[in-house]
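# Summary of the model geometry
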Amino acid sequence: MEKIINSYETLFIVNAENGDEAVKATVSKFTGLIAENGTLEEVNEWGKRRLAYPIDDIPEGYYVVATFKSEPEFPAELERVFNIDESIMRSVVIKLDEKKLAKAAAAKEAKAAAEAAAAAAAAAEAEAPATDAE
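This section reports on the structure supplied with the text. (Residues numbered from 1 in each chain as written. Predicted model: local features only at pLDDT ≥ 70, side-chain atom pairs only at ≥ 80, totals over all residues. Heavy atoms only, no water.)

### Some points on the nonpolar core
With 17 residues, the main nonpolar core has Phe-12, Val-14, Phe-30, Phe-68, Leu-78 and Phe-82 as its most contacted residues. Excluding its chain neighbours within four sequence positions, the residues that come into contact with Phe-82 are Thr-10, Phe-12, Phe-30, Ile-88, Ser-91 and Val-93. (Core = buried A, V, L, I, M, F, W, Y, C linked by side-chain atoms within 4.5 Å. Buried < 20%, exposed > 50% of the residue type's maximum accessible area, 1.4 Å probe, protein only. Contact = heavy atoms within 4.5 Å.)

### What to know about the pattern of salt bridges
Applying the stated rule across the entire model yields five salt bridges. A salt bridge links Lys-24 to Glu-45, with the nearest nitrogen and oxygen atoms 3.4 Å apart. In this pair, Lys-24 is assigned in helix 1 (residues 20-37) and Glu-45 in strand 2 (residues 38-55), connecting sequence segments 21 residues apart. The partner of Arg-80 in a salt bridge is Glu-77, with the nearest N and O atoms 2.8 Å apart. (Salt bridge = Lys/Arg side-chain N within 4 Å of Asp/Glu carboxyl O. Helix = DSSP H or I, 4+ residues; strand = E, 2+ residues; numbered from the N terminus.)

### What to know about the environment of Glu-73
Considering the arrangement of structural elements, one finds Glu-73 in the loop between strand 3 (58-70) and helix 2 (74-84). Since its relative accessible area comes to 55%, Glu-73 is described here as exposed. Spatially, the C-alpha atom of Glu-73 lies 9.9 Å from that of Asn-37, the residues being 36 residues apart in sequence.

### Digging into the packing of helix 1 against helix 2
Between helix 1 and helix 2, whose axes approach to 11 Å, the crossing angle comes to 160°. One element, helix 1, and the other, helix 2, form an angle in the roughly antiparallel class. You can see that helix 1 and helix 2 cross each other, and the crossing is right-handed. Judged by residue contacts, Phe-30, Leu-33, Ile-34 and Asn-37 of helix 1 engage Phe-74, Leu-78, Val-81 and Phe-82 from helix 2. Looking at the contact of helix 1 with helix 2, its residues break down into seven nonpolar, one polar and no charged. (Axes fitted to C-alpha atoms, helices over the stretch in contact; angles between N-to-C directions. Parallel < 35°, antiparallel > 145°, perpendicular 65-115°, else oblique. Left-handed = near helix turned anticlockwise from the far one by under 90°. Nonpolar A, V, L, I, M, F, W, Y, C, P; charged D, E, K, R; others polar.)

Interpretation in functional terms is not warranted from these geometric data alone.
Here is the structure:
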């Protein structure tokens, strides 16, 4: 039987009061955990940001967003580990819709192709007057 692999996205906020080394260690711990149990596609570290409201009287946190693919059982385990680790202030894991991902990828490719065509046209146009001047 074929294994089911789904796309997920997680956002977690690390307690920034523990220092930069502790934050980096926590981020690498969880990105490593995700990589061990699935395919880590993208990690965006948003950095230290002010929270909308203080959590345990802490006004700032270090935000990390990771996109990954894994089997359906892993996100529940990831949430469990997030809840156990005291350096994680908040976290969420969501399943991404494959149809929306395909549409977004197609739109991104179309935009990149349009930009490339516009750049090629601009380069050709810039080169055309230079040959007329000669």
